[in-house]
Amino acid sequence: MTDETTTMPSVDVPKDNGAIVHILQNGYVREDDAGQHVGSTISMIIDGPAITVVDPGMVASREDLLAAVRGHGIDPSEVTDVVFSHHHPDHTINAALFPSARIHDHWAIYEGDVWHDRPADGYSISPSVLLIATPGHSAEDISTVAATAAGVVVFTHAWWSAEGPAVDPFAPEQAVLEASRMRIAVIADQIVPGHGAPFVPGPP
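Note that the structure is predicted; figures quoted are calculated from it, not measured.

A.B. asks: So what exactly am I meant to see when it comes to the overall build of the protein chain here?
C.D. replies: For the protein chain, the count of helices and strands is two helices and 14 strands. Computed over C-alpha atoms, the radius of gyration of the protein chain comes to 17 Å, within 12% of the 17 Å expected from 2.2 N^0.38 for 204 residues, which places it in the range of a compact globule. Along the three orthogonal principal directions, the C-alpha set of the protein chain runs to about 60 × 40 × 30 Å. Burial status across the protein chain gives 50% buried among its 204 residues. For the protein chain, the share of sequence-separated contacts (at least 6 apart) that also reach a separation of at least 24 residues comes to 53%. Of the roughly 10100 Å² of accessible surface on the protein chain, 56% is carried by carbon and sulfur atoms. A gap of 3 Å separates the mean positions of the 8 positive and 27 negative side-chain charges of the protein chain.

A.B. asks: Where do I start with the environment of Ala146 in this structure?
C.D. replies: Note on placement: Ala146 falls in strand E12 (residues 142–148). We classify Ala146 as buried; its relative accessible area is 0%. Sequence spacing of Ala146 and Val129 is 17 residues, and the spatial spacing of their C-alpha atoms is 4.6 Å.

A.B. asks: Is there a simple way to think about helix H2 (residues 174–185) in this case?
C.D. replies: Counting along an α-helix, one turn takes 3.6 residues, and residues three or four places apart therefore face a common direction. Taking 1.5 Å of rise per residue, 12 residues should cover 16 Å, and H2 covers 16 Å from first to last C-alpha, within 8% of that figure. Listed as buried for H2 are Leu177, Ser180, Arg181, Ile184 and Ala185. When H2 is viewed along its axis, its buried side chains cluster within an angular range of 135° and face the same direction.

A.B. asks: How do you make sense of the nonpolar core when you look at a structure like this?
C.D. replies: Generally speaking, soluble globular proteins have nonpolar side chains that are buried together. Ranked by internal contacts, the top residues of the largest apolar core, which has 18 residues, are Met44, Val53, Ile74, Val79, Val82 and Phe98. Sorting the residues of this core by element identifies strand E4 (42–47), strand E5 (50–54), helix H1 (62–70) and strand E8 (108–111) as the ones contributing at least two each. The biggest single contributor to this core is E4, with three residues. In this structure, Val53 is in contact with Ile42, Ser43, Met44, Val79, Asp81, Val82, Val83 and Phe98, ignoring residues within four places of it in sequence.

A.B. asks: Which parts of the structure should I look at to understand the sheet that holds E5?
C.D. replies: In any sheet, the strands associate via hydrogen bonds between backbone groups, in a parallel or an antiparallel arrangement. Across the sheet, seven strands lie side by side as E1-E4-E5-E6-E7-E8-E9; this open sheet has mixed pairing. Two strands in the sheet have a free side with no partner beyond their single neighbour: strand E1 (20–25) and strand E9 (114–117). If you compare each strand with its neighbour and ignore which way they point, the axes differ by 20° on average. Two elements, E5 and strand E6 (residues 81–83), share three bridges in a ladder whose sense is parallel. The residue bridging Thr52 from the neighbouring strand is Asp81, located in E6.

A.B. asks: Explain the side chain of Thr144 to me, please; I cannot follow it from the model alone.
C.D. replies: If you trace the backbone, Thr144 turns up in strand E12. Thr144 gets classed as buried once you look at its relative accessible area, which sits at 1%. Leaving out residues up to four positions away in the same chain, Thr144 has contacts with Ile45, Val54, Val83, Val129, Leu130, Leu131, Val153, Val154 and Phe155.

Conventions we followed
Residues numbered from 1 in each chain as written. Predicted model: local features only at pLDDT ≥ 70, side-chain atom pairs only at ≥ 80, totals over all residues. Heavy atoms only, no water. Helix = DSSP H or I, 4+ residues; strand = E, 2+ residues; numbered from the N terminus. Rg over C-alpha atoms; globule rule 2.2 N^0.38 Å. Buried < 20%, exposed > 50% of the residue type's maximum accessible area, 1.4 Å probe, protein only. Contact = heavy atoms within 4.5 Å. Areas by Shrake-Rupley, 256 points an atom, 1.4 Å probe, with all protein chains shown as cover. Lys, Arg positive; Asp, Glu negative; His and termini not counted. Charge placed at Lys NZ, Arg CZ, Asp CG, Glu CD. Expected span 1.5 Å × (residues − 1). Arc of directions from axis to C-beta. Core = buried A, V, L, I, M, F, W, Y, C linked by side-chain atoms within 4.5 Å. Pairing = 2+ DSSP bridges. Axes fitted to C-alpha atoms, helices over the stretch in contact; angles between N-to-C directions.

Here you go:
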C-alpha cells in the first residue's frame, strides 16, 4: 500500500542535482529616446561536461556576453548546447557565438548540417538538465529545468519578468499559458524569466 503522505518525484525534475547556474545577462524591455531596447535573459548551466546556454538573444554588446561566459572559466567554444525557449529573434540571434554547440528547440536538435527530429518534452540534455513543453508565450515554447544542490531552477518565457505582464500580449491563448505557469510553479524553487532577473515563485 502506498503511503499517501509520500511525495512521488516529478517527471519534470531531473534525477540528478549537480547543475551549476550562472546568469550571464538579466533581460529587459525598456524605451528611451533611441527607441525600444530588448534584451533576453541569458543563462549558462554547467552540469559536468555539458555546458548549456539558454536563450542567447539580443544584447547591447556581444563582447560583454562573451566576457561573461569567460568570467566563469568557460571559453565560448566549449559550450556544448544552446536552448531556444522559442523562435523569437530576441532569444536566438546570438547562437552562432557558440560554434561547437548543438541547438535545441521544441521539435529538434540541430548539429552542423544534421537535423534530428525529437519532441523536447522530457528530453534530458544532461543528468541534471531537461526540457519540458510549456506553450503559452508562443505555441512552441519550451522551458529548461536545472536541478541544483540548492533546488530546481526553471528557465522560461512563461513570465517576462517578476513584475509581469500577467496577461501576455503575444500569447495565442492565455489559458494555455496559465496551464504552463502552473506546471512550472509546482516544481520551481526559482524561475528565470524571459526578460528579467530570477525570482522565487509564489504558491501554485
